[in-house]
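Chain and residue survey
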Amino acid sequence: MKNFLLIIIALHLFISCSHPSEIRKNFNCKPYSFKNLEEVKDVKNLFSIEIPKIWKTNLYYDDLQSSIYTADTIKQLTESLLLDVTFINKSINFDTSFKLEQEQENLSKRLIKIKSEETTFLEKPSYYTVSKGKKGKFEYQVCHLFIKINEQNFILAKAEVYGGSLVNNRLCKAFTLIEKIKYIQ
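Notes on the structure follow. (Residues numbered from 1 in each chain as written. Predicted model: local features only at pLDDT ≥ 70, side-chain atom pairs only at ≥ 80, totals over all residues. Heavy atoms only, no water.)

Spatially, S3-S4-S5-S9-S8-S7-S6 is the arrangement adopted by the 7 strands of the open sheet, whose pairing is antiparallel. Taken across any chain shown, the strands that pair with only one partner, and hence form the sheet edges, are strand S3 (56-61) and strand S6 (112-121). Strand-to-strand twist of the sheet, defined as the mean angle between neighbouring strand axes without regard to direction, takes the value 15 degrees. Pairing analysis gives 7 bridges linking strand S4 (residues 65-71) to strand S5 (residues 82-88), with the strands arranged antiparallel. Looking across to S5, one finds that Tyr69 is bridged to Asp84. Where helix H3 (residues 96-108) meets the sheet, its contacts fall on S6, strand S7 (124-135) and strand S8 (138-148), and the angle it forms with S7 comes to roughly 15 degrees. (Pairing = 2+ DSSP bridges. Helix = DSSP H or I, 4+ residues; strand = E, 2+ residues; numbered from the N terminus. Axes fitted to C-alpha atoms, helices over the stretch in contact; angles between N-to-C directions. Contact = heavy atoms within 4.5 Å.)

Spatial ordering of the open sheet is given by S1-S2-S10, a layout of 3 strands whose pairing is antiparallel. Sheet topology places strand S1 (37-41) and strand S10 (182-183) at the edges, where each strand pairs with a single neighbour. Here strand S2 (residues 47-52) runs beside S10; their pairing, made up of 2 bridges, is antiparallel. Of the residues in S10, the one forming a bridge with Ser48 is Lys182.

For the rest of this paragraph, the subject is a nonpolar patch on the surface. Taken together, the side chains of Val43, Leu59 and Tyr61 make up a nonpolar region of the molecular surface, amounting to roughly 290 Å² of accessible area. Secondary-structure assignment places Tyr61 in strand S3. (Patch = residues over 30% accessible without salt bridge, like charges linked within 9 Å, V, L, I, M, F, W, Y side chains within 5 Å. Areas by Shrake-Rupley, 256 points an atom, 1.4 Å probe, with all protein chains shown as cover. Salt bridge = Lys/Arg side-chain N within 4 Å of Asp/Glu carboxyl O.)

In this section: the environment of Lys109. Note on placement: Lys109 falls in the loop between H3 and S6. Given the relative accessible area of 42%, Lys109 is considered partly exposed. Once the C-alpha coordinates of Lys109 and Lys134 are considered, the two residues, 25 residues apart in sequence, prove to be 9.1 Å apart. Side-chain polar atoms of Lys109 contact the side chain of Glu105, separated by 3.2 Å. (Buried < 20%, exposed > 50% of the residue type's maximum accessible area, 1.4 Å probe, protein only. Polar contact = N/O pair within 3.5 Å; in protein donor to acceptor, adjacent residues only side chain to side chain.)

Bringing the side chain of Ser48 into the picture now. Structurally, the position occupied by Ser48 is in strand S2. Take Ser48: its relative accessible area is 2%, and that puts it in the buried class. In terms of polar contacts, Ser48 uses its side chain to reach the side chain of Glu39, at 2.8 Å. When sequence neighbours within four positions are dropped, the list of residues in contact with Ser48 reads Glu39, Val40, Lys41, Lys180, Ile181 and Lys182.

Here we come to the packing of aromatic side chains. According to the stated counting rule, one finds 12 aromatic pairs in the structure shown. Ring geometry for Phe27 versus Tyr128: centroids 6.2 Å apart, planes at 50 degrees, classification tilted. Of this pair, Phe27 sits in the loop between helix H2 (22-26) and S1 while Tyr128 sits in strand S7; the two residues are 101 residues apart in sequence, bridging distant segments of the chain. Neither Phe27 nor Tyr128 differs from the other in exposure class; each is buried. Taking the centre distance of 6.0 Å and the plane angle of 90 degrees together, the rings of Phe34 and Trp55 count as edge-to-face. You can see Phe34 sitting in the loop between H2 and S1 and its partner Trp55 sitting in the loop between S2 and S3, a full 21 residues away along the chain. Grouping residues by exposure puts Phe34 and Trp55 together as buried. Ring pairing ties together the aromatic residues Phe94, Phe98, Tyr127, Phe146 and Phe154, which thus form one cluster. (Phe/Tyr/Trp six-rings, centres within 6.5 Å; stacked < 30°, edge-to-face > 60°.)

Okay, here's the thing in structure tokens:
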């Protein structure tokens, strides 16, 4: 039985590495492997994600949501990645009204949408947008990835990268981590 489980785990790792998500394909991401990962569960035990042990991580929750916020604080802001993964107890549909709401949110934050697409992520219907803007003196890009878990719940994974260097590379690293989300049923 132990050997069977090892084969299943190895097969899963092979499939994950050899079949990147559609988003990683769209960004022409190269395979990336983080070292010293730890599994972090949200306060409500709704989901977990593997993140580097050395990153600074905070947990948040209220009646409607539960979040894991993490960042590589060892690097300068313009070289780091900020990741916020939130399980939200609310229905979501990727219809015209939802997409218009996202556009209005971008406008209110003075963000310019670079790309958006409906896709499948973690084998669930998903929608992502990538936008760019400026906070203070820093230019930044933000990716919002909405993952519909079921009719009552979705996960919003938000990745922010500041500055102009290796933006795509850092977003690809974010997608690698987001692919490690496990929702607890």
